Amino acid sequence: MVPELGNFALALACCLALTQAVLSLLGAEGRDARLMSASPGLAFGQLIAVGTAFLALVWSNVVSDFSVRNVAENSQSQAPLFYRITGTWGNHDGSILLWCLVLALCGAAIAAFGGNLPSALRARVIGVLGAVAAGFLLFALTASNAFTRIWPPPMQGQGMNALLQDPALAIHPPILYLGYVGFAVPFAFAVAALIEGRVDAAWGRWVRPWALASWCFLTCGIALGSWWAYYDLGWGGFWFWDPVENSSLLPWLTGTALLHSAIVVEKREALKTWTILLAIATFALSLCGTFLTRSGILNSVHAFANDPTRGLFILALLGLVVVPSLLLFALRAPVLSPSGIFAILSREGGLVLNNILLCSIAAVVLTGTLYPPFANLIGGVQLSVGAPFFDSTVLPLAAPLILAMPLGPMLSWKRATLGPALLRLWWAALAACVVGVIAALGWHGLAALGFAGSAWLILGAAADLGGRIRLFRVPLAESLSRLAGLPTAALGAAIAHAGLGVTIAGIAGMTLASQSVTFLRPGQGLDFAGDHWTLQSLTNKSGPDYVARTATLVVSRDGRTIAVLHPSERAFPVQQTDVTDTAIRTDFLVDLYTALGSVHDGGAEVRLRYDPLAPWIWLGALVMAAGGGLSLADRRLRVGAPWRRESKRGSRAAQVSA
Amino acid sequence: MALSLATRRRLMLVAPLGLAAIGGFGFLRLLDRMQTGRYDPHAVPNFLVGHPVPSFTTTPALPGRGFSSADLRNLPQPVLVNFFASWCVPCQAEHPLLMQLQSQSVAIWGIAYEDSEAAMAGLLAAHGDPYVRLGADKTGAAAIAWGISGVPESFLVDRGGVIRWHIGGPLSAETIAGTLDPLLRTYA
């Protein structure tokens, strides 16, 4: 009964989304206030319907209704409740439903918090979102219906992917999707602006918070995935340049560029065409990532249902989103005339440089990711593009970006000179050089480059803030009051830039990591990375749906125990898979990392790693996202549109950033 | 011929659409090739293609039928070298296609990878023997020499002993018709 209800709700949502698209767009075109006023209600209705469908699927998973094919294939009754719930989106059909839910959430958010938008613009944005949602809901209803029944139902489900039974990976998809799908809102704004043929400062101000919020989620989502890979896969890597990782990085790169170019639109009404294109490209790349992942066209470690039929459907959806919007772009973009002119050396110029470099990195990553299939298509050769290509091409593009990052915020709008900016940054530059030289002497060139870049970013951000609050030039109390009065957007930008510095320090630290794989029997130990590691014991334990083998490893330094670690390996009989659970002790400077390999002959193979600064990689991403969040809280963004001052509207708009 | 600024600007604005269209068309072709078995993203490339047969040897699986690298030179016709094992399910799925190829007088030389004589003989007795020559690779040394990543894998060796084509995985009717047959004609 409940799955049928879900299926019905899904069909209803599809109809509502279609109505939402048609009525809103028609209403905006004909300036029909009555039609336009229907759009928020339809968006809410769609959210309620998709929400019901989603809850129905969650329910089917929770009660282990194995007559639902999706549940039978991806769940099992002994799995813990938490993973039965999160397993809902741990498979293809369920994740498409989650995608729809987030899309409906975006539409409803515009309906709820877009009160300050001109009614036609709001109707158009909701209409475009409705059109995209209708396509995806149709997909969720037909080619990948999660509510299909099977008869007779099996006694037990086939079990969920054991690797997905992990807290970080359980929340990874929703956060990632909030980022991916969130970029549908800037996309909808871009299409609406193209239809209207107008992009102005207010438009930039409306788009930016949505882009920023999506960017924060995407940053966290990517970091979560990377963290999971590090601690769960058991060999200590954090980024593999896997096609699926790349396809999440691509919208992040263009989305970062979008954030920055939207500033130029907002402040100077320039780069309009470019910003519109970035908004379209970012969402298109999000969709493209979905297509690449789900169609199985790329050779990736991320296994999803590799189904060319579904791939065809997503490709059609991708085409329906991208072709009309780019056609509209080709036809209407000439109408958007830039009004702000600027010198090459200016804040705008700096942001253009940022855009060029970020988009070049995106182009390089896209090329590397798509090269193998297209090489096969054109030349019939089978090849793969791996980390060496990406490392050697991204680094030369990232280096100038990092070099320019602290300088940009110090340049003035319209026309600037480098002199004053350099004057404020000389000590940061000096410190970065010192750090680089020390690292080069102690370790190797790559680490030195990384640490110097990191110091440059963090200290540059500090110099930016210090300059703004006139630290050490006026009394400290005045500086602090200036800090309190600083626009949070400026504070957020500095923190986000410093966050990248933290991540880069982590990556540089990882180049100094050392590892050892050895076979130990209980009682045996070895000296590794300055510590003594002893395998104390090996024990067996059973869990709800697995059997675990756990090792107890004691790490001692100078005769003193500094850590006791319990790496384990869980065997899931239903899924017939083994999962390694690493044990990591971190003091935020160094990770002591252990993973258990095969157990035989009364001993065990253990993998030991000494990872300096590893946690900084993800910590930095969190700092970046926090900076973005802080920037979202800025009054100027919150108040958004220029004309309202009354408190009621203001507080309503304030929820946009909440 | 110099284009006016406005025309160039227009062309530039159409460029994203053009790029997307090319990409989309490529994706469509790839999906089509995946469905017909002509494109496998997980296929492992073999670096021996275009090079002479590596130095290897097999033990005779059945009396007088074993072979080594020396036998794969100066051949009267191209040879399909097929790595297989009786314990491998995809190999059994592939077997009828090999029988069919044999009936079209394609020379197939088999290498049984880490297999016992009894199991192999049982398989061939039950489903037919498509192999002109048959060697056993009990230690896996030949498999390492050929750089295979699993069974079944097949190589097309031309008359001069140069590897011309490789497939990592079972043959399919589409691959035989679309790729192998033309190659056999080319190197005949």
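S.K.: What am I meant to see in the packing of helix H1 (residues 2–29) of chain A against helix H2 (residues 33–62) of chain A here?
M.R.: Residue and element names in this part refer to chain A. Contact geometry for H1 and H2: axes closest at 8 Å, N-to-C directions at 160°. Taken together, the axes of H1 and H2 are roughly antiparallel relative to one another. Helix-helix and strand crossings are classified by hand; for H1 and H2 the assignment is left-handed. Here the contact of H1 with H2 is built from residues that sort into 23 nonpolar, 10 polar and no charged.

S.K.: Is there a simple way to think about the interface of chain A and chain B in this case?
M.R.: Interface size is commonly expressed as the accessible surface area that is lost when the partners come together. Listed as interface residues are 25 residues of chain A and, on the opposing side, 21 residues of chain B. Elements that contribute at least two residues to the side of chain A that touches chain B include exactly helix H11 (272–295), helix H12 (308–332) and helix H13 (347–379) of chain A. If one sorts the elements of the side of chain A that touches chain B by residue count, H12 of chain A sits on top with 11 residues. Considering only residue class, the side of chain A that touches chain B consists of 18 nonpolar, 7 polar and no charged.

S.K.: What am I meant to see in the nonpolar core here?
M.R.: Side chains of nonpolar character tend, in soluble globular proteins, to be buried together. Counting 204 residues, the largest nonpolar core has Cys-100, Leu-103, Leu-129, Ala-184, Phe-189 and Ile-280 of chain A as the members making the most contacts within it. Counting residues per element, this core draws most heavily on helix H9 (residues 201–232) of chain A, which supplies 20 residues. Look past the residues within four positions of Leu-103 of chain A in its chain and what remains in contact with it is Leu-129, Val-132, Ala-133, Phe-136, Val-181 and Ala-184 of chain A. Among the nonpolar cores identified, the runner-up in size contains 34 residues, and Phe-83, Ala-112, Leu-123 and Val-151 of chain B belong to it.

S.K.: It is not clear to me how the sheet that holds strand E1 (residues 514–520) of chain A should be interpreted in this structure. Could you clarify?
M.R.: Backbone hydrogen bonds hold the strands of a sheet together, and the pairing may be parallel or antiparallel. Residue and element names in this part refer to chain A. The strand order E1-E10-E9-E8 describes an open sheet built from 4 strands, whose pairing is antiparallel. Whereas interior strands pair on both sides, the edge strands pair on one side only; in this sheet they are E1 and strand E8 (583–586). Across this sheet, the average inter-strand angle for adjacent strands is 15°, counted without regard to direction. Where strand E9 (residues 590–600) and strand E10 (residues 603–612) come together, 9 bridges link them in antiparallel fashion. Bridging from a neighbouring strand, Val-590 pairs with Pro-612 of E10.

S.K.: Whenever I open this one, the environment of Ile-111 of chain B confuses me. Can you help?
M.R.: Residues and elements named next belong to chain B. Mapped onto the elements, Ile-111 comes out in strand E3 (residues 107–113). Given 28 C-beta atoms within a 10 Å radius, Ile-111 is considered buried. On a C-alpha basis, the gap between Ile-111 and Arg-73 in space is 17 Å, while along the polypeptide they are 38 residues apart.

S.K.: Teacher, can you tell me more about the sheet that holds strand E2 (residues 79–84) of chain B here?
M.R.: Residues and elements named next belong to chain B. Strand order in the open sheet formed by 6 strands is E1-E4-E3-E2-E5-E6, and the pairing between neighbours is mixed. The open sheet has two edge strands, strand E1 (59–60) and strand E6 (163–168), and neither has a second partner. Sheet analysis places E1 next to strand E4 (residues 133–137), joined by 2 bridges and oriented antiparallel. In the strand pairing of E4, Pro-60 is matched with Gly-135.

S.K.: What should I look at first to understand helix H6 (residues 119–141) of chain A in this one?
M.R.: Three- or four-residue spacings in an α-helix give side chains the same orientation, since the helix completes a turn every 3.6 residues. Between the first and last C-alpha of H6 of chain A there are 31 Å, a value that for 23 residues agrees with the 33 Å anticipated at 1.5 Å per step. Burial within H6 of chain A is extensive, with 20 of its 23 residues counted as buried.

S.K.: Would you explain the domain arrangement of chain A in this entry?
M.R.: Residues and elements named next belong to chain A. In terms of domains, chain A is made up of domain 1 (1–165), domain 2 (174–369) and domain 3 (523–615). Here the C-alpha centroids of domain 1 and domain 3 sit 42 Å apart. Listed as interface residues are 7 residues of domain 1 and, on the opposing side, 7 residues of domain 3.

S.K.: So what exactly am I meant to see when it comes to unusual backbone geometry here?
M.R.: For residues other than glycine, phi is negative in most cases, and the peptide bonds are mostly trans. The peptide bond linking Trp-151 of chain A to Pro-152 of chain A adopts the cis configuration, its omega dihedral lying at -5°. Considering the arrangement of structural elements, one finds Pro-152 of chain A in the loop between H6 and helix H7 (167–182). Of the consecutive residues Val-151 of chain B and Pro-152 of chain B, the connecting peptide bond is found in the cis state with omega at -5°. The residue Pro-152 of chain B is located in the loop between helix H4 (141–146) and strand E5 (153–157) in this model. Of note in this structure, Phe-472 of chain A is not a glycine but carries a positive phi near 70°. Mapping Phe-472 of chain A onto the fold places it in the loop between helix H16 (445–468) and helix H17 (476–485). A residue is classified by how many C-beta atoms lie within 10 Å of it, and Phe-472 of chain A, with 9 of them, is exposed. One non-glycine residue, Leu-613 of chain A, lies in the positive phi region at around 65°. Position of Leu-613 of chain A among the secondary structure elements: in the loop between E10 and helix H19 (614–632).

S.K.: Would you explain the packing of helix H18 (residues 488–510) of chain A against H19 of chain A in this entry?
M.R.: Two numbers describe a pair of packed helices, the interaxial angle and the distance between the axes. Residues and elements named next belong to chain A. Running from N to C, H18 and H19 point in directions that differ by 170°, and their axes come no closer than 7 Å. If you check the angle between H18 and H19, you find them roughly antiparallel. Residues that form the contact of H18 with H19 fall into these classes: 21 nonpolar, 10 polar and no charged.

S.K.: What exactly am I supposed to notice about the environment of Gly-178 of chain B here?
M.R.: Residues and elements named next belong to chain B. Topologically, Gly-178 is positioned in helix H5 (residues 173–187). When the 14 C-beta atoms within 10 Å are taken as the criterion, Gly-178 is described as partly exposed. Note: C-alpha distance between Gly-178 and Gly-168 (10 residues apart in sequence) is 16 Å.

What counts, and at which threshold
- Residues numbered from 1 in each chain as written.
- Chains lettered and ligands numbered in written order.
- Predicted model: local features only at pLDDT ≥ 70, side-chain atom pairs only at ≥ 80, totals over all residues.
- Axes fitted to C-alpha atoms, helices over the stretch in contact; angles between N-to-C directions.
- Helix = DSSP H or I, 4+ residues; strand = E, 2+ residues; numbered from the N terminus.
- Parallel < 35°, antiparallel > 145°, perpendicular 65-115°, else oblique.
- Left-handed = near helix turned anticlockwise from the far one by under 90°.
- Nonpolar A, V, L, I, M, F, W, Y, C, P; charged D, E, K, R; others polar.
- Contact = placed C-beta atoms within 7 Å.
- Core = buried A, V, L, I, M, F, W, Y, C linked by C-beta atoms within 7 Å.
- Buried ≥ 20, exposed ≤ 12 C-beta atoms within 10 Å, placed from the backbone.
- Pairing = 2+ DSSP bridges.
- Expected span 1.5 Å × (residues − 1).
- Domains from an automatic or database assignment.

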